[in-house]
Amino acid sequence: MRRVLPATVFLAAVATITAAAQGFPQPSGFALDDPVLRRIWAIGTDSSQLPRLAQVLFDSLGPRLTASPGMTAAQNWLLATYTVWGITARKEQYGTWRGWRRGKSHIDLITPRQRTLEGMALAWSPPTPRGRPLRAGVVILPDVADSNALVAWLPQAKGKFVLISMAQPTCRPDDSWERWATQSTADSMKARRTAAQQAWQQRLQRTGYVTGGGVAGAAALTRRLEAAGGAGINGRRG
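Residues numbered from 1 in each chain as written. Predicted model: local features only at pLDDT ≥ 70, side-chain atom pairs only at ≥ 80, totals over all residues. Heavy atoms only, no water.

The next point concerns the pairing of strand β5 (residues 137–140). Where β5 meets strand β6 (residues 160–163), four bridges bridge the pair, whose relative direction is parallel. Of the residues in β6, the one forming a bridge with Gly 137 is Lys 160. Each parallel crossover has a hand, and the one from β5 via helix α5 (residues 147–153) to β6 is right-handed. (Pairing = 2+ DSSP bridges. Helix = DSSP H or I, 4+ residues; strand = E, 2+ residues; numbered from the N terminus. Right-handed = clockwise from strand over helix to strand, strands pointing away.)

Okay, unusual backbone geometry next. In this structure, the amide linkage connecting Thr 111 to the following residue, Pro 112, adopts the cis form with an omega of 10°. Note that Pro 112 resides in the loop between β3 (107–109) and β4 (115–117). The backbone of Ala 67 sits at a positive phi, close to 70°, despite the residue not being glycine. Positioned with a positive phi, Trp 124 is a non-glycine residue whose angle comes to about 75°.

Before going further, it helps to spend a moment on the packing of helix α3 (residues 50–61) against helix α4 (residues 69–84). The geometry of α3 relative to α4 is characterised by a closest axis approach of 11 Å and an angle of 155° between their N-to-C directions. Accordingly, the angle class assigned to the pair α3 and α4 is roughly antiparallel. You can see that α3 and α4 cross each other, and the crossing is right-handed. Of α4, the residues touching α3 (which contributes Leu 53, Val 56, Leu 57 and Leu 61) are Ala 73, Ala 74 and Trp 77. Looking at the contact of α3 with α4 residue by residue, the class counts come to seven nonpolar, no polar and no charged. (Axes fitted to C-alpha atoms, helices over the stretch in contact; angles between N-to-C directions. Parallel < 35°, antiparallel > 145°, perpendicular 65-115°, else oblique. Left-handed = near helix turned anticlockwise from the far one by under 90°. Contact = heavy atoms within 4.5 Å. Nonpolar A, V, L, I, M, F, W, Y, C, P; charged D, E, K, R; others polar.)

Bringing the nonpolar core into the picture now. With 16 residues, the main nonpolar core has Leu 150, Trp 153, Leu 154, Val 162, Leu 204, Leu 221 and Leu 225 as its most contacted residues. Mapped by element, the contributors of at least two residues to this core are α5, α7 (183–206) and α9 (219–227). Excluding residues that lie within four positions of it along the chain, Leu 225 makes contacts with Trp 153, Leu 154, Ala 157, Val 162, Ile 164, Gly 230 and Ile 233. Formed by seven residues, the second largest nonpolar core is a distinct cluster that contains Val 56, Leu 57, Trp 77 and Leu 78. (Core = buried A, V, L, I, M, F, W, Y, C linked by side-chain atoms within 4.5 Å. Buried < 20%, exposed > 50% of the residue type's maximum accessible area, 1.4 Å probe, protein only.)

This part is about the confidence of the model for the protein chain. Detailed reading of the predicted coordinates is not advisable wherever pLDDT falls low. Averaged over every residue, the pLDDT of the protein chain is 85; residues scoring 70 or more account for 87%. Note on residues 1–25: pLDDT under 50 across the span, and 35 contacts to partners over four residues away in sequence or across chains. (pLDDT = per-residue confidence, 0-100.)

Here we come to the pattern of salt bridges. Throughout the structure, instances matching the rule amount to five salt bridges. Taking the shortest distance from any N to any O, the salt bridge between Arg 38 and Asp 33 comes out at 3.2 Å. Residue classification places Asp 33 among the exposed residues on the basis of a relative accessible area of 67%. With a closest N to O distance of 2.6 Å, Arg 90 and Glu 92 form a salt bridge. Overall, the relative accessible area of 53% leaves Arg 90 in the exposed class. For Glu 92, a relative accessible area of 44% puts it in the partly exposed group. (Salt bridge = Lys/Arg side-chain N within 4 Å of Asp/Glu carboxyl O.)

To continue, consider α4. With 16 residues, α4 should cover 22 Å at 1.5 Å per step; its first-to-last C-alpha distance of 23 Å lies within 8% of that length. For α4, the set of buried residues is Gly 70, Ala 74, Trp 77, Leu 78, Thr 81 and Tyr 82. The buried residues of α4 occupy an angular sector of 135° when projected down its axis, which confines them to one face. Following α4 by one or two positions, Gly 86 adopts a phi angle in the positive range, close to 80°. (Expected span 1.5 Å × (residues − 1). Arc of directions from axis to C-beta.)

Our focus in this paragraph is the environment of Leu 225. Assignment of secondary structure puts Leu 225 in helix α9. With relative accessibility at 1%, the residue Leu 225 sits in the buried group. Along the backbone, Leu 225 and Ala 157 are 68 residues apart, and their C-alpha atoms lie at a distance of 7.1 Å.

Checked against the element boundaries, Thr 207 lands in the loop between α7 and α8 (214–217). For Thr 207, the side chain forms a polar contact with the main-chain oxygen of Leu 204, separated by 2.5 Å. (Polar contact = N/O pair within 3.5 Å; in protein donor to acceptor, adjacent residues only side chain to side chain.)

Attention now moves to the sheet that holds β6. With parallel pairing, the three strands of this open sheet are ordered in space as β5-β6-β7. Of all strands in the sheet, those bounded by a partner on one side alone are β5 and β7 (232–234). Taken pair by pair, the neighbouring strands of this sheet meet at an average axis angle of 30°, ignoring direction. Sheet topology note: the β6/β7 ladder contains three bridges and is parallel. Within the sheet, the bridge partner assigned to Leu 163 lies in β7 and is Asn 234.

Set out below in structure tokens:
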């Protein structure tokens, strides 16, 4: 019998088989004497294809943003894989999506010293004008009393990169502090960071344009800064 499966079922099926296999005891102690379940358990523990398939999806194909070349490549690979397995599959078109492809990103600090910075354009970010390098000053989102105060400040954002994420008090991960610092110092650093995060979130909320955390929560703020003529909006993801 030939089976017809949608491409979206693939990862869920693999994950389900693996999870089911982990839940079974060793062969000598099966709770159920079902040959189908025994076969699922054996495949999941002795000949699982998950590592090989995950390597292709995560490493070879990489990001699969909707309507991107990566998504198309992943769909074609999946259809070919199903064909080899004897499973009939097809691609379904759900809606019309604007395509987007991440190009090269290069960010440099010019003054007070030169330094190449690490950064990446978020999905759906527009390119720089005509794809050329963009040089601009930097301003930090101010601590305003309310949305009216932010609107009054907005002319200062024109032509500038606006930083909308708080400055981290440390670049070291928690496990580094736990290992190398005294416990009181590590606890103090964590407390300072927590207080700084809370204060910054309150600063964002007072603008009147932030509804929550993350990129989605600040979407209205970034649109307002863009409308005010900001050269770019820079933030920390997550």
